[in-house]
Amino acid sequence: MGEFFAAALAFPTVLLTVLLVAVVVFWLLAAFGVDLDGGVELAYGLGGVPGSVVFSLLVPIAWFACLAGATLVDGYDWAVLLGSLVVGFLTARLAVIPLRRLYPVLPDASRHDFVGRVCVIRTGTVTATFGQAEVTAADGSSAIVQVRQAGADDLRAGTTALIFDYDQDGEFFWVAPIPTYPLGEH
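Please read all numbers here as calculations on a predicted model, not as lab measurements. (Residues numbered from 1 in each chain as written. Predicted model: local features only at pLDDT ≥ 70, side-chain atom pairs only at ≥ 80, totals over all residues. Heavy atoms only, no water.)

In this section: the UniProt feature "transmembrane region" (unreviewed entry) in the protein chain. Taken from the UniProt record, the annotation "transmembrane region" (unreviewed entry) applies to residues 6-30, 42-72 and 78-96. Taken as a whole, residues 42-72 contains 71% helix and 0% strand, while its terminal C-alpha atoms sit 32 Å from one another. Regarding residues 78-96, the helix share stands at 100% and the strand share at 0%, and the terminal C-alpha atoms are separated by 27 Å. (UniProt positions renumbered as here; feature names shortened; annotations may be inferred. Helix = DSSP H or I, 4+ residues; strand = E, 2+ residues; numbered from the N terminus.)

Set out below in structure tokens:
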């Protein structure tokens, strides 16, 4: 056991041992609910999967390769370190390929996502030049948006309307009233 710790704490393995400890601490904190993943985007074939997952693959593999290499080869510390990093990188890159299916890329939210949704008017009136409404997105969040109407319908605070178009230049939504009928009339 003493030889294991001596090899793990000797150069070049000690550099990766520090990173391995960081990975273990990260996952311990994550297990207790601490959110530390900052959404790091990786390149060189490692993208499409959270950075924490990639580093959790790369570091232990590189650490093990470095530990084995330093034990088997004596006197080529930098070559062992570089070789272990290459082994860790290539292995992580191969492991990321099937994992990408678990992390699908979702399209960015767009203002056009509100078109076709029902909104609730929040201003006293809606005209061709003034008005605001509250709309709820598909994810449950709500937003106050600028709305306009082409006609002269009675759109006042609390009434519901349908968003039927988005004006890109004016950055507002076109709305139309939703006809409501008392129960039993049609």
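All right, on to the environment of Trp-78 then. Following the sequence through the fold, Trp-78 ends up in helix H4 (residues 77-99). For Trp-78, a relative accessible area of 62% translates into the label exposed. (Buried < 20%, exposed > 50% of the residue type's maximum accessible area, 1.4 Å probe, protein only.)

Here we take up the packing of aromatic side chains. The geometry of an aromatic ring pair comes down to the distance between the two centres and the angle between the two planes. Taken as a whole and assessed by the stated rule, the structure comprises seven aromatic pairs. Chaining the aromatic ring pairs together yields one cluster made of Phe-4, Phe-5 and Trp-63. The ring of Phe-172 carries Arg-148 above its face, with NZ or CZ at 5.2 Å from the centroid. (Phe/Tyr/Trp six-rings, centres within 6.5 Å; stacked < 30°, edge-to-face > 60°. Lys NZ or Arg CZ within 6 Å of the ring centre and 35° of its normal.)

All right, on to the domain arrangement of the protein chain then. By domain assignment, the protein chain separates into domain 1 (1-102) and domain 2 (117-177). Computed over C-alpha atoms, the centres of domain 1 and domain 2 are 52 Å apart. (Domains from an automatic or database assignment.)

Our focus in this paragraph is H4. When the terminal C-alpha atoms of H4 are compared, their 33 Å separation across 23 residues agrees well with the 33 Å that a helix rising 1.5 Å per residue should span. Buried residues belonging to H4 abut helix H2 (13-31) and helix H3 (51-72). (Expected span 1.5 Å × (residues − 1). Contact = heavy atoms within 4.5 Å.)

Now for the nonpolar core. Counting residues in hydrophobic clusters, the biggest one holds 19 residues, and the most contacted among them are Leu-16, Leu-46, Val-54 and Trp-63. Residue assignment for this core shows that the elements contributing at least two residues are H2, H3 and H4. Of the residues forming this core, the biggest block, eight residues, is contributed by H3. Counting residues in each nonpolar core, the second largest holds 15 residues, with Val-126, Val-147, Ala-161 and Val-175 among its members. (Core = buried A, V, L, I, M, F, W, Y, C linked by side-chain atoms within 4.5 Å.)

Looking now at the pairing of strand E1 (residues 118-121). Only one face of E1 is covered, namely the face carrying Cys-119 and Ile-121; the face carrying Val-118 and Val-120 is uncovered. Looking at chain direction, E1 and strand E4 (residues 160-167) are connected through three bridges and run antiparallel. When the sheet's bridge partners are listed, Val-120 is paired in E4 with Thr-160. Here three bridges tie E1 to strand E2 (residues 132-136), and the two strands are oriented antiparallel to one another. (Pairing = 2+ DSSP bridges.)

Strand order around the closed barrel formed by five strands is E1-E2-E3-E5-E4, with mixed pairing between neighbours. Shown here is a sheet whose adjacent strand axes are inclined to one another by a mean of 55°, direction ignored. (Axes fitted to C-alpha atoms, helices over the stretch in contact; angles between N-to-C directions.)

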